[in-house]
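# Working through the structure, step by step
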Amino acid sequence: MRNTFSAVGKAPYFLAMGGLSVSLRDYARFARLYLNLGSYNGEQIIEEKWIRDSLDISEDYSRPGSNYDAYNAIGYGYQWWVPEGDQGEFMAIGVYGQWIYVNPSNRVIIVKTSADPDFMEKGYELKHVEFFRAVADGIS
């Protein structure tokens, strides 16, 4: 992080924020890297074990519905949301409705950007999972 000086020029302060400025194509490339278990164009970029571990929701705290949280209807790995099901799906979910959805069973990647003010609505994530599954099933 860059050290920036305050307006009076004495004490340094630090600024940190979240967010990425990435194209849809780059989001899809990142998803493909995970879909291919860390391999990109025949080269292992990320260890396969790391990929598998990042999608593992076998611990109690990472399973869907853990912590009795109404907004935790989907399991959570290392920055990936993992819904219940038998297709091995995983997703990255951004605030206000950005999505990377990966369905390994159907080898489908869906990337969605949006600015949805209803992103905190109960069941929001599950509605999207249902929609993405329908698209993935329709494509395969």
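Up top you'll find the structure we're talking about.
Every value quoted in this text rests on a predicted model; they were computed, and no experiment measured them.

When their charged atoms lie close together, side chains carrying opposite charge are able to pair. Taken as a whole, this structure holds 5 salt bridges when the rule is applied. R52 is paired through a salt bridge with E48; the nearest N and O atoms lie 2.8 Å apart. Taken together, the residues span about one helical turn, with R52 and E48 both in helix α2 (residues 48–54) at a distance of 4 residues. K127 is the partner of E121 in a salt bridge, and the nearest nitrogen-oxygen pair spans 2.5 Å.

For strand β7 (residues 90–94) and strand β8 (residues 98–103), the ladder comprises 5 bridges, and the chain directions are antiparallel. Of the residues in β8, the one forming a bridge with M91 is Y101. With antiparallel pairing between neighbouring strands as the criterion, β7 and β8 make up a hairpin whose turn holds 3 residues, including Y96 at a positive phi of roughly 70°.

For the structure shown, the criterion picks out 11 aromatic pairs. Aromatic pair F30 and W80: ring centres 5.9 Å apart, planes at 10°, arrangement stacked. Within this pair, whereas F30 is found in helix α1 (residues 24–35), its partner W80 is found in the loop between β5 (75–76) and β6 (81–82), the two being separated by 50 residues in sequence. According to the relative accessible area criterion, F30 is partly exposed, its value standing at 39%. Members of the aromatic cluster, each reached through a chain of ring pairs, are F30, Y34, W80 and F90.

Okay, the pairing of β8 next. A large share of β8 lies buried, amounting to 5 of its 6 residues. Looking at chain direction, β8 and strand β9 (residues 108–112) are connected through 5 bridges and run antiparallel. When the bridges of β9 are listed, W99 appears paired with K112. The hairpin turn running from β8 into β9, its antiparallel successor, is 4 residues long, and R107 in that turn takes a positive phi close to 55°.

Criteria and thresholds
Position numbers for residues start from 1 in each chain and track the written sequence from start to end. Given that the model is predicted, a residue must reach a pLDDT of at least 70 before its local features are reported, and side-chain atom pairs must reach 80 or more before they are shown or counted; all residues, however, enter totals for whole chains, interfaces and linings. Note: side-chain values were computed over all heavy atoms of the structure, leaving out hydrogens and water. Any carboxyl oxygen of Asp or Glu that lies within 4 Å of a side-chain nitrogen of Lys or Arg is treated as forming a salt bridge with it. Strands are runs of DSSP state E lasting at least two residues, helices are runs of H or I lasting at least four, and both sets are numbered from the N terminus onward. Strands qualify as paired when DSSP identifies two bridges or more between them. Centres within 6.5 Å make a pair out of two Phe, Tyr or Trp rings, where for Trp the six-membered ring is used; the pair is then stacked when the planes are under 30 degrees apart, edge-to-face when over 60, and tilted otherwise. Type-normalised accessible area, obtained with a 1.4 Å probe on protein chains alone, sets the label of each residue: buried when under 20%, exposed when over 50%, and partly exposed for intermediate values.

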